[in-house]
Amino acid sequence: MSERIAVIGGGVIGRSTAIRLAERGLDVTLISGQHAMQTTSATAAAYWAPYWIGDYDRDWAKSTLTELHRLTSVKGAAIAVQPAEEWLDETGARELDNDVDQTYWWRNLPMVDWSRGSVPYPRSMALPGSGERIEFVERVTFRTPVARMPDYLAYLLERFLLMPGARYEERWAESLDSELQAFDTVVNCTGWQAVHMVPEELQGPDPMRLLAGHVLAVPVLANSELTEQPLISLHHGPFKYVSLYIVPRHGSQRDIICGGTAILTDPPPLKDPLQGGDAKICEDILQRCASFEPKLSGCEPNAKLLGLRPVRKSVRIERDAARPRLIHCYGHGGSGLTLSWGSADHVVRLVTGAV
């Protein structure tokens, strides 16, 4: 009889993992109590770049980058490689000097076309509320895959269900132990919900932190000046703790994700879907983004979204020491898309005994 495997969690990590296991000819059941649009993955700006994350294997990011580039040619995947920019003031430039090997360790990888230099034209912005004016002195440019996550999550599920032995159950897993009674192997891809499924995550000297990320989805009309908007990601200097990002997305709709926040928060109950973001916070985000990119002034978002990033000291992909038929795969912070396929490949190696 074929080994029966359950993958618990319907976000980008769970769906990618279920696909990779099914591709090996295994009998795989994907279990999720949330509709795809209720997951943190659905709210993500979702471009490839390590972000808000603990320690991880860089090969997971590299192999995911390769796969995302391949998927740009797949109809329905809603992934496009886009130009991206980070602008730096003097403080941000000094910070980047000190951590470029950590923040942009991937700058010499093929396909990313990374460069850093003086600003091509004068640019500044005012921080709403404080009145502080920021003068940019340097600019980083690169190219990166961007996914329109509602489309991409639907594509992943459809791709999974086309495989022999693939099943999808829309239900809540009451506990990991109960699933271990029904399946030979259980893969825990529950993301932030691991704080409920794995109680020790709330204990010890370095428990999982949940960082609330607020974003806005702004529609883009075909004749809008925003159709050629590059991806903007500011996270140094004044943006070190309150980042600013503007992420154009292609797919069934053209829109722009504006963000963001990283607010430490308590976990909601397991079965409560996340609600839209705080109205005042969302208003502040749009003002910050419009201050950097005036073309966003007057735009009305058609969605206000909130997701929880599960941040650990390190991403956890390993067999449970006490329950060897249980494999954990969670704690990807804000880098679920960035590590998704590489993480899934590592789970496959654990299941097949290759590691």
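Bear in mind that the values here come from a model prediction, so they are computed numbers and not experimental data.

So, how was this worked out
- Residues numbered from 1 in each chain as written.
- Predicted model: local features only at pLDDT ≥ 70, side-chain atom pairs only at ≥ 80, totals over all residues.
- Heavy atoms only, no water.
- Salt bridge = Lys/Arg side-chain N within 4 Å of Asp/Glu carboxyl O.
- Helix = DSSP H or I, 4+ residues; strand = E, 2+ residues; numbered from the N terminus.
- Buried < 20%, exposed > 50% of the residue type's maximum accessible area, 1.4 Å probe, protein only.
- Phe/Tyr/Trp six-rings, centres within 6.5 Å; stacked < 30°, edge-to-face > 60°.
- Lys NZ or Arg CZ within 6 Å of the ring centre and 35° of its normal.
- Expected span 1.5 Å × (residues − 1).
- Bend = angle between axes of the 7 residues up to and from the residue.
- Core = buried A, V, L, I, M, F, W, Y, C linked by side-chain atoms within 4.5 Å.
- Contact = heavy atoms within 4.5 Å.

Novice: For the pattern of salt bridges, give the residues involved together with the corresponding values.
Specialist: Applying the stated criterion to the full structure yields 24 salt bridges. Notably, a salt bridge pairs Glu 67 with Arg 20, separated by 3.9 Å at the nearest N-O pair. With a gap of 47 residues between them, Glu 67 in helix H3 (residues 58-71) and Arg 20 in helix H1 (residues 12-23) connect regions that are remote in the sequence. Neither Glu 67 nor Arg 20 differs from the other in exposure class; each is buried. Two residues, Arg 148 and Asp 151, come together in a salt bridge whose shortest N-O distance is 3.4 Å.

Novice: Tell me about the packing of aromatic side chains, residues and numbers included.
Specialist: Per the stated rule, a full pass over the model turns up 12 aromatic pairs. Ring geometry for Tyr 104 versus Trp 114: centroids 5.4 Å apart, planes at 55°, classification tilted. Note that Tyr 104 is positioned in the loop between helix H4 (90-103) and strand S4 (115-118) and Trp 114 in the loop between H4 and S4, a separation of 10 residues in sequence. Taken as a pair, Tyr 104 and Trp 114 share a single burial class, namely buried. The rings of Trp 48, Tyr 104, Trp 106, Trp 114 and Phe 142 are connected pair by pair, giving a single aromatic cluster. Over the aromatic face of Trp 87 sits the side chain of Arg 123, whose NZ or CZ is 5.0 Å from the ring centroid.

Novice: For helix H9 (residues 336-352), give the residues involved together with the corresponding values.
Specialist: End to end, H9 covers 23 Å across 17 residues, agreeing with the expected 24 Å (1.5 Å per residue, within 8%). The largest bend in H9 is about 30°, located at Gly 342. Within H9, 14 of the 17 residues are buried, leaving the element largely enclosed by the surrounding structure. Positive backbone phi, approximately 80°, marks Gly 353, located one or two places after H9.

Novice: So what's going on with the nonpolar core? Residues and values would help.
Specialist: Grouped together as the largest cluster of nonpolar side chains are 69 residues, with contacts concentrated most on Leu 21, Trp 106, Tyr 152, Phe 160 and Val 187. When sequence neighbours within four positions are dropped, the list of residues in contact with Phe 160 reads Ala 18, Ile 19, Ala 22, Val 28, Leu 30, Ala 166 and Arg 167. Ile 134, Val 220, Cys 282 and Ile 285 belong to the second largest nonpolar core, which has 24 residues in total.

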